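Overview (structure and organization)
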Amino acid sequence: MSAEPSALRRAAWRALGALPEGIQLRVNPRKYGFAPGDRPKPPVAPETPVRLYVAPVNSAGQGYAWARAAERLPGVGAVDMQHRSETGFGFDVDYEVPTTVFVRSEAWQRAHFRAVSRSFTHVMMESVWPLFTSRFDGDVEREVAALHDAGVSVAVVAHGSDIRLPDRHAAIDEWSPFHDGVWASTPKLQERAEQKHEVLRRLGVPVFVSTPDLLGDWPTATVLPLAVDTERWRSDTVPLEREVPVVVHAPSRAVVKGTDLIRPLMRSLADRGLIEYREFTGVASSDMPALIGDADIVLEQFRIGTYSVAAVEAMASGRVVIGHVHDQVREHVVDRHGVELPVVQATPKTLESVVLDMLERREYYRSVAAAGADFARKVHDGRVSAETLRGFLLG
């Protein structure tokens, strides 16, 4: 009796699955979502004694910025990597791979692991996220063990929601996006953060965090300051000289930035002719300096309690930056850097009165903007980030 057609199909697919990936791609490209030519060659390490690989997220372009910061240290070269979908904000990156290849190509991941484990001396893993996906079944602990076996030193850097515990945040901040009914993703974020905490505890590697508020979630971490190209953001336009100042808000994620809480206030002030309010979303990184440089006031975030890359960029542009920043963050800045954080404090409850005060005391707030530009250059141009990495890379 002949085999059923369905059994024959299953046998054919099993046979296909045993073939090399290149042949499978030609026979059934839909299974993978990429073509053979989409797989880039493995990353090439710099020809320096210390070779750092930063991967795989490049959140807000920080992987690239930290790689450049690390290269300020003697004998250090660095490569930043990110996987990407078809859409993105166009951040600078050294080595880029399509997300479909990153996730699904076993052949590329094998070559990727060989290149990293044999050519680099240090790896800074972003967000407790797998670098080699299918090569180790997405298991970060196996990846780190394999890198250690190859003599590679590993550290982890967390960016925010990867290790931020929503329940802890909601308990300390009335404006937290993690209160019931605010953000539908909160239970998932809580579960993911708890899982990453468990992995970090077992890894026992050095942990860096990008912003001081995250010390509340991982107290033994070291803050690796955000880094920006301050010259790229420099603007000669003096803020608050126009009779009707331009107020800009560019939320990367509105629920985190508190956009819903501040938009009605800003529109009300605009309707009264007191300000011009501009709100941007989905803007390419290359277009942002001009948009921010044309503003007088930049509204950062009003729910999380820290200051982000966007705030640093706005300060580097010499704009007046307003945001909700926890006392713990401000105290950390003073303790570590010896200066006050020049982000004007406001909550959704006080924002309107703060903006009205700016209209009355323009000269004072111009001095705050100038202090912000100095702060960005002193703390966030990459020099402090480099010194922070010195112990990991050269210790």
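Look up a bit, the structure's there.
None of these values were measured; they are calculated from a predicted model. (Residues numbered from 1 in each chain as written. Predicted model: local features only at pLDDT ≥ 70, side-chain atom pairs only at ≥ 80, totals over all residues. Heavy atoms only, no water.)

This part takes up empty space enclosed by the protein. Here the structure, examined in full by the defined rule, presents 1 cavity of 30 Å³ or more. Quantified by volume, the largest cavity comes out at close to 70 Å³. Around the largest cavity sit Ser-210, Thr-211, Pro-212, Val-223, Pro-225, Leu-226, Tyr-307, His-332, Val-333, His-337, Val-379 and His-380, which together line it. Looking at the lining of the largest cavity, the element that brings in the most residues is helix α14 (residues 327-337), giving 3 residues. Its residues placed into classes, the lining of the largest cavity shows 7 nonpolar, 5 polar and no charged. (1 Å grid on protein atoms, 1.4 Å probe; cavity = no way out; pocket = protein on both sides within 12 Å on 5 of 7 lines; lining within 4 Å. Points joined across faces, edges and corners; volume = space filled by probe spheres on them. Helix = DSSP H or I, 4+ residues; strand = E, 2+ residues; numbered from the N terminus. Nonpolar A, V, L, I, M, F, W, Y, C, P; charged D, E, K, R; others polar.)

Within the structure shown, the criterion is met by 9 aromatic pairs. On the numbers, 4.9 Å between centres and 45° between planes, the contact of Tyr-53 with Phe-120 is tilted. In this pair, Tyr-53 sits in strand β1 (residues 50-55) while Phe-120 sits in the loop between α5 (106-119) and β4 (122-126), placing the two residues 67 residues apart along the sequence. Under the relative-accessibility criterion, Tyr-53 is labelled buried at 0%. An aromatic cluster is defined as three or more aromatic residues linked by ring pairs; in this entry it consists of Phe-113, Phe-132 and Phe-136. Here Arg-68 stacks its cationic end above the ring of Tyr-64, 4.6 Å away from the centre of that ring. Taking the ring centre of Tyr-364 as reference, the NZ or CZ of Arg-361 above it sits at 4.7 Å. (Phe/Tyr/Trp six-rings, centres within 6.5 Å; stacked < 30°, edge-to-face > 60°. Buried < 20%, exposed > 50% of the residue type's maximum accessible area, 1.4 Å probe, protein only. Lys NZ or Arg CZ within 6 Å of the ring centre and 35° of its normal.)

A few words now on the sheet that holds strand β12 (residues 344-345). Within the open sheet, the 5 strands sit side by side as β9-β8-β10-β11-β12. Their pairing is parallel. With partners counted over all chains shown, the strands left at the sheet margins are β9 (276-279) and β12, one partner each. As paired strands, strand β8 (residues 246-249) and β9 are joined by 4 bridges and run parallel to one another. Pairing of His-249 across the sheet is with Glu-279, part of β9. The sheet contacts of helix α11 (residues 259-271) involve β8, β9 and β10 (297-299), and relative to β9 the element is tilted by about 150°. (Pairing = 2+ DSSP bridges. Contact = heavy atoms within 4.5 Å. Axes fitted to C-alpha atoms, helices over the stretch in contact; angles between N-to-C directions.)

Let us now look at the pairing of β4. Among the 5 residues in β4, 5 count as buried, and that is most of the element. Residues of β4 alternate between two faces, with His-122, Met-124 and Glu-126 on one and Val-123 and Met-125 on the opposite face, all of them buried. Summarising the sheet, β4 and strand β5 (residues 153-158) pair through 5 bridges and their orientation is parallel. Its bridge partner being in β5, His-122 is matched across the sheet by Ser-153. The β-α-β motif built from β4, the intervening helix α6 (residues 140-149) and the parallel element β5 has right-handed crossover chirality. (Right-handed = clockwise from strand over helix to strand, strands pointing away.)

Along α6, the positions that sit buried rather than exposed are Val-140, Glu-143, Val-144, Ala-146 and Leu-147. The arc that holds the buried residues of α6, viewed along the axis, is 160°, so those residues lie on one side. Considering only its buried residues, α6 is in contact with α5, β4, β5 and α8 (186-203). Where α6 ends, the next residue or the one after it, Gly-151, has phi of about 85°, a positive value. (Arc of directions from axis to C-beta.)

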